[in-house]
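Chain residues, written in single-letter form:
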Amino acid sequence: MSASIILGIESSCDDTSAAIISGSKILSNIAANQAIHNEYGGVVPELASRAHQQNIIPVVEKAFSKANIQQNEICAIGFTRGPGLLGSLLVGTSFAKSLAMSLNVPLIEVNHLQAHILAHFIDDANPMPPTFPFLCLTVSGGHTMIVLVKDYFEMEIIGKTIDDAAGEAFDKIGKIFDLDYPAGPIIDKLAKEGNPDAFQFNKPRMENYDYSFSGIKTSVLYFIQKEVRKNPDFIKENLNDLCASVQRSIIEILMNKLEKASLDLNIKDVAIAGGVSANSALRKAMEINQEKLGWNIFIPKFEYTTDNAAMIAIVAKLKYERGEFTDIRTTATAKYDL
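What you see as residue numbers is a count from 1 along each chain, following the sequence as written. Only residues with pLDDT of at least 70 get local features here, since the model is predicted, and only at 80 or more are side-chain atom pairs given and counted; chain-wide, interface and lining totals rely on the full set of residues. Hydrogens and waters are ignored; side-chain quantities use all the structure's heavy atoms.

## Focus: the sheet that holds strand S8 (residues 154–160)
What counts, and what does not: Two strands form a pair only when DSSP identifies at least two bridges running between them. Helix numbers and strand numbers start at the N terminus; a helix is a DSSP run of H or I with at least 4 residues, a strand a run of E with at least 2. Simply put, an axis is a line fit to the C-alpha atoms, just over the touching stretch for a helix, and the angle between two N-to-C directions goes from 0 to 180 degrees. Two residues form a contact once any of their heavy atoms are found within 4.5 Å.
Read across the open sheet, the 5 strands follow the order S8-S7-S6-S9-S10; overall the sheet is mixed. The open sheet has two edge strands with one neighbour each: S8 and strand S10 (296–298). Neighbour to neighbour, the strand axes of the sheet diverge by 25 degrees on average, direction disregarded. Relative to S8, strand S7 (residues 144–151) is paired through 6 bridges, and the arrangement is antiparallel. Bridge pairing links aspartate 151 to glutamate 154 in S8. Packed onto the sheet, helix H8 (residues 280–292) meets strand S6 (134–139), strand S9 (269–273) and S10 and runs at close to 175 degrees relative to S9.

## Some remarks on the packing of aromatic side chains
Describing an aromatic ring pair means giving the distance of the ring centres and the angle of the ring planes. How we decide: Here a pair means two rings of Phe, Tyr or Trp (six-membered ring of Trp) with centres within 6.5 Å. Their orientation is stacked below 30 degrees between planes, edge-to-face above 60, and tilted elsewhere. For the exposure calls, accessible area comes from a 1.4 Å probe over protein chains only, and a residue counts as buried if that area is under 20% of its type's maximum, exposed if over 50%, partly exposed in between. Only lysine NZ and arginine CZ atoms are considered, and such an atom sits over a ring when it is within 6 Å of the ring centre and within 35 degrees of the ring normal.
What the rule picks out here adds up to 11 aromatic pairs. Judged by centre distance (5.0 Å) and plane angle (85 degrees), the ring pair of phenylalanine 132 and tyrosine 152 falls under edge-to-face. Of this pair, phenylalanine 132 sits in the loop between helix H3 (112–118) and S6 while tyrosine 152 is found in the loop between S7 and S8, placing the two residues 20 residues apart along the sequence. Arranged with centres 5.8 Å apart and planes meeting at 65 degrees, the rings of phenylalanine 199 and phenylalanine 234 form a pair that is edge-to-face. With phenylalanine 199 in the loop between helix H5 (184–191) and helix H6 (214–230) and phenylalanine 234 in helix H7 (residues 234–265), this pair connects stretches of sequence that are 35 residues apart. Accessibility assignment for this pair places phenylalanine 199 and phenylalanine 234 in one class, buried. Chaining the aromatic ring pairs together yields one cluster made of Phe121, Phe132, Phe134 and Tyr152. Above the face of the tyrosine 336 ring, arginine 81 is positioned so that its terminal group lies 5.4 Å from the ring centre.

## What to know about the state of the cysteines
Short version of the rule: Counting rule for disulfides: a pair of cysteine sulfur atoms within 2.5 Å.
Applying the stated criterion across every chain, the model contains 0 disulfides. Cysteine 13 carries a free sulfur, and the closest cysteine sulfur to it, the one in cysteine 136, is 19 Å from it.

Next up, the structure:
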């Protein structure tokens, strides 16, 4: 039996992406970014929807072309049903349904958060995939949670943020520093030249494995306001140290709860997923815990960290093998439980 060939489509936020998977091997993974949001300091839903409409056909065509696959060779189409921005999701969902009908192939809905986690099972995501059960810190601009992964489709959120996500905190603090959007990668870059112990910021005291990031954002804001009153050039003169100190604080908040969960549940297989898993300090912290705590760590390839269709395709492949197909009457949903 030859490997199933599946088209994956991702459009949950501001990246339009399409990927072709054969078995567990990604043949193409194409994404179109939306630079228009940079000038607004965040994603504007209406503009995102319009850009998806412009991008989706060229992106899908390029995915087929790069994979050297014809449309009539695919067995199914997987698409992000949610969670995400409803207008953006509607573009991907509508396109997937139309193409599936025209090609007479099954439709497979995918949970965006599950896809971030299951990206670890793409052939080239890791040297070896994690074994069940494992812990996955899923951390992005919209979500921050610790997930106990018992099987491919048996996942339990054991801790989550009660307010801002970690990626959102990076972006909002970046705005305080007058950095461009998205600020997370810029802070990561500038932090490499700074002293992470230069400044101290408040850390939350949360029960269990839950997170909170609104407090550190407020702590940074008040600190900056106080220092700028004394020295108007304070941010410019201390930017690298500020970025390094903020990054250290956020990564410590993330890792403290992950370490606690690993210890309490006696689970040594620990993975990270989502856009913030591209952060160099988070990756370094995972490597340190590999040595210190004996973790088996799973850090995905950079291209599988941000929103991408390869992760949608791998989930669609797993569902295809189980015969879990979606009715053509399905609709996009902004909220979609894990």
